[in-house]
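# A look at the structure
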Amino acid sequence: MAIRNIVTEGDEILRKKCRVITEVTDRIRMTMEDMLETMHSENGVGIAAPQVGVMRRMFIAEPEPGRVYYMINPEILEMEGTQYGAEGCLSVPGLVGDVERPERIKIKALDLDGNEQIYDFEGFDAVVMCHENDHLDGILYTDKAVNLRVPEEPEEDDE
């Protein structure tokens, strides 16, 4: 595994639509493991292939530690409700913004073994999946966000 460079806003690759993966190969699996290591190195909860310069329809999401989802050729089948919350992005460092997302989604994707899976997500999990899926179509959260701002630094205890 290897930590890859993260592509940041301003690079045209982030605005392109990714290509479908026709076969889940060892190279795809290795790329996804690199993406996971890269995401962990930056304390992220999700990362999409274009964020590491790979124009393929795949992303990784880890909405809570140890619960990792590998999504290959994801397709959102259903969306329901709305929620509104602050988002950030590894490709847009130093900013957060408020984004409206669905409260619940159903998503279909291939797993690392090439098997089709269908998942239901709600709340924060749904936000992460939608955010990462947008990357595959060249959409950044800043396209949908209001109140873009520099996040407040948490105060440190003097102990």
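Since the model is a prediction, treat every value here as computed from it, not as a measurement. (Residues numbered from 1 in each chain as written. Predicted model: local features only at pLDDT ≥ 70, side-chain atom pairs only at ≥ 80, totals over all residues. Heavy atoms only, no water.)

## Here's the deal with the layout of surface pockets
Taken as a whole, the largest pocket holds about 490 Å³ of empty space. Every residue lining the largest pocket is counted, 27 residues in all, and those nearest its centre are Val-45, Glu-87, Gly-88, Cys-89 and His-131. Broken down by secondary-structure element, the contributors of at least two residues to the lining of the largest pocket are β4 (83-89), β5 (92-101) and α2 (124-135). Residue composition of the lining of the largest pocket, grouped by class: 14 nonpolar, nine polar and four charged. (1 Å grid on protein atoms, 1.4 Å probe; cavity = no way out; pocket = protein on both sides within 12 Å on 5 of 7 lines; lining within 4 Å. Points joined across faces, edges and corners; volume = space filled by probe spheres on them. Helix = DSSP H or I, 4+ residues; strand = E, 2+ residues; numbered from the N terminus. Nonpolar A, V, L, I, M, F, W, Y, C, P; charged D, E, K, R; others polar.)

## Points about the packing of aromatic side chains
Under the criterion given, the structure shown has three aromatic pairs. Between the aromatic rings of Tyr-69 and Phe-121, the centroid separation amounts to 4.9 Å while the plane-to-plane angle is 90°, which identifies the pairing as edge-to-face. One end of the pair, Tyr-69, is in strand β3 (residues 67-80); the other, Phe-121, is in strand β7 (residues 116-122), and 52 residues separate them in sequence. A residue is classified by how much of its surface remains accessible, and Tyr-69, at 15% relative accessible area, is buried. Ring centres 5.7 Å apart and planes at 20° place the aromatic pair Tyr-119 and Phe-121 in the stacked group. (Phe/Tyr/Trp six-rings, centres within 6.5 Å; stacked < 30°, edge-to-face > 60°. Buried < 20%, exposed > 50% of the residue type's maximum accessible area, 1.4 Å probe, protein only.)

## Considerations on the sheet that holds strand β8 (residues 146-149)
The strand order β4-β5-β8 describes an open sheet built from three strands, whose pairing is antiparallel. On the outer flanks of this sheet lie β4 and β8, each paired with one strand and no other. Direction aside, neighbouring strands of the sheet carry axes that sit 20° apart on average. In terms of strand pairing, β4 meets β5 through six bridges, oriented antiparallel. When the bridges of β5 are listed, Cys-89 appears paired with Val-92. Against the sheet, α2 contacts β4 and β5, and its axis sits at roughly 50° relative to β4. (Pairing = 2+ DSSP bridges. Axes fitted to C-alpha atoms, helices over the stretch in contact; angles between N-to-C directions. Contact = heavy atoms within 4.5 Å.)

## What about the sheet that holds strand β1 (residues 46-48)?
One open sheet accounts for five strands, arranged β1-β2-β3-β6-β7; its pairing is antiparallel. Each of the sheet's edge strands pairs with one partner strand only, and the pair in question is β1 and β7. In this sheet, adjacent strand axes meet at a mean angle of 40° when their direction is disregarded. Across the sheet, helix α1 (residues 26-41) touches β1, β2 (58-64) and β3, and the angle it forms with β2 is around 40°.

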